[in-house]
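# Geometric and topological summary
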Amino acid sequence: MTAVIDRLALIGVGLIGGSIARAAREYGAAREIVATARSAETRKRVAELGIADRVVETNAEAARDADLVIVCIPVGASGPVAAEIAGSLKQGAIVSDVGSVKAAVLNDMAPHIPNGVHLIPAHPVAGTENSGPDSGFAELFVNRWCILTPPVGADAAAVEKLGAFWSALGANVEVMTAEHHDMVLAITSHLPHLIAYTIVGTAEEFSTVSRSEVLKFSAGGFRDFTRIAASDPTMWRDVFLHNKDAVLEMLAQFSEDLAKLTRAMRRGDGETLFDHFTRTRAIRRGIVQIGQDSAAPDFGRPHQAKPGAPLPRPYAADDE
Ligand code: NAP
């Protein structure tokens, strides 16, 4: 297969950058992969892992002569990094990112991108709660969505090329505006993370139930929140600071719905509770039906074959 991209530059090699590097090589999506990261420690680790052809010291050096530059760092750092690489971008290059928020990234990066270079932000809706170059794996994007958010007037051929790159990594590609993306992700990802961070914090502070009891009986539901609440603090701080308006809007709606359920409970209105839970069960079944999760017990988490046996590696990542 001919590579979609000749030279790929990855700026930031954590879970997402590390997965793109592995997938691009495994599926032959890029002929050459040049990578860099902020710290010497991560650059050293990337070199040891051998997941890039070259590991360079600076962002500008990585971007030089690249056909596609993907910035894989927390969204709050996108603007300064765009400023750093601006001078070394070649004409016709595509600059993209993987940030979980899109309008803010577009606003922060666009002023630095020279004429003749195509800025096309993107968000692979795939991830895990783990961070760093060791946590990446080639199959992360297979059958997951990657949302491209080209600005108005973006070059159609460049959008198509970026889409072809993500398809080569196994992703399904969708195109929408940055603003629409931020509303969709506010409800499907950002608000659920905020709720998980809240619940796990509440349990921590609860004094009448001991900490050991919370951990011991966590399979009752709490455990599934703890996985989400273990997500990277830097990444999620930046998501909430940069998609504030959409998350606050969804949070207002959520608070109203929570008040409705609270009222039903207080009044002993079982019908309202039952109807609500029936609707939400249908949503879960719909997600399984379209192949976005497995119907296996415990959200597809593998079980020990017998007591004491090692657990198999989690079968798949969750959308973030
Ligand atoms: P990660 O594993 O923590 O890796 C982050 C990378 O960014 C590291 O290489 C880190 O370098 C670098 N970095 C951190 N702060 C930086 C700064 N101020 N300037 C330059 N580089 C910096 O994070 P990740 O999970 O791959 O997330 C990266 C991006 O992907 C985020 O924007 C996130 O919103 C998006 N995303 C994440 C997920 C997910 O589930 N994790 C899913 C979809 C999209 P050092 O190691 O040298 O510190």
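Residues numbered from 1 in each chain as written. Predicted model: local features only at pLDDT ≥ 70, side-chain atom pairs only at ≥ 80, totals over all residues. Heavy atoms only, no water.

### Notes on the pairing of strand E2 (residues 30–36)
Across the seven residues of E2, six count as buried, placing the element largely inside the fold. Sheet topology note: the strand E1 (residues 5–11)/E2 ladder contains six bridges and is parallel. Each bridged residue has a counterpart across the sheet, and for Ile-11 the counterpart in E2 is Thr-36. Once you follow E1 into helix H1 (residues 15–26) and on to E2, the crossover reads as right-handed. You can see the chain leave E2, run along helix H2 (residues 40–49) and come back into strand E3 (residues 54–55), and the turn it takes is right-handed. (Buried < 20%, exposed > 50% of the residue type's maximum accessible area, 1.4 Å probe, protein only. Helix = DSSP H or I, 4+ residues; strand = E, 2+ residues; numbered from the N terminus. Pairing = 2+ DSSP bridges. Right-handed = clockwise from strand over helix to strand, strands pointing away.)

### Some thoughts on the sheet that holds strand E7 (residues 122–125)
On the basis of which strands lie adjacent, the open sheet formed by three strands has the order E7-E8-E9 and mixed pairing. On the outer flanks of this sheet lie E7 and strand E9 (172–175), each paired with one strand and no other. With strand direction ignored, the average angle separating the axes of adjacent strands in the sheet is 20°. With four bridges connecting them, E7 and strand E8 (residues 145–148) associate as antiparallel partners. Considered in E8, the bridge of His-123 is made with Ile-147. (Axes fitted to C-alpha atoms, helices over the stretch in contact; angles between N-to-C directions.)

### Looking at the site of the ligand
The environment of the ligand is formed by 26 residues, the closest being Ser-39, Thr-42, Ile-73, Ser-100 and Gly-132. One nitrogen or oxygen atom from the side chain of Thr-42 is found 2.6 Å from an oxygen atom belonging to the ligand. Thr-128 places a polar main-chain atom, nitrogen or oxygen, 3.4 Å from an oxygen atom of the ligand. Across the complex, the protein chains shield 87% of the 900 Å² of accessible surface that the ligand would expose by itself. Where the shell around the ligand is concerned, the elements lending two or more residues are H1 and E7. For the shell around the ligand, the per-class residue count stands at 13 nonpolar, 11 polar and two charged. (Near = heavy atom within 4 Å. Polar contact = N/O pair within 3.5 Å; in protein donor to acceptor, adjacent residues only side chain to side chain. Areas by Shrake-Rupley, 256 points an atom, 1.4 Å probe, with all protein chains shown as cover. Nonpolar A, V, L, I, M, F, W, Y, C, P; charged D, E, K, R; others polar.)

### A few points about the nonpolar core
Leu-8, Ile-20, Phe-165 and Trp-166 are the most contacted members of the largest nonpolar core, which totals 38 residues. Of all the elements in the fold, those that place two or more residues in this core are E1, H1, E2, strand E4 (68–71), E8 and helix H6 (156–168). The element that contributes the greatest number of residues to this core is H1, accounting for six residues. Ignoring sequence-local partners within four residues, the contact set of Phe-165 consists of Val-4, Ile-5, Leu-8, Ile-20, Ala-24, Ala-29, Leu-68 and Ile-70. Among the nonpolar cores identified, the runner-up in size contains 35 residues, and Ala-62, Val-75, Val-95 and Met-250 belong to it. (Core = buried A, V, L, I, M, F, W, Y, C linked by side-chain atoms within 4.5 Å. Contact = heavy atoms within 4.5 Å.)

### Some remarks on the packing of helix H11 (residues 244–266) against helix H12 (residues 270–289)
Packed helices, taken two at a time, are described by the angle between their axes plus the distance between the axes. Two elements in contact, H11 and H12, have axes separated by 8 Å at closest approach and are oriented at 140°. The angle between H11 and H12 falls in the class oblique. Residue-level inspection shows Leu-261, Ala-264 and Met-265 of H11 in contact with H12, the latter providing Thr-272, Leu-273 and His-276. For the contact of H11 with H12, a count of residues per class yields four nonpolar, two polar and no charged. (Parallel < 35°, antiparallel > 145°, perpendicular 65-115°, else oblique.)

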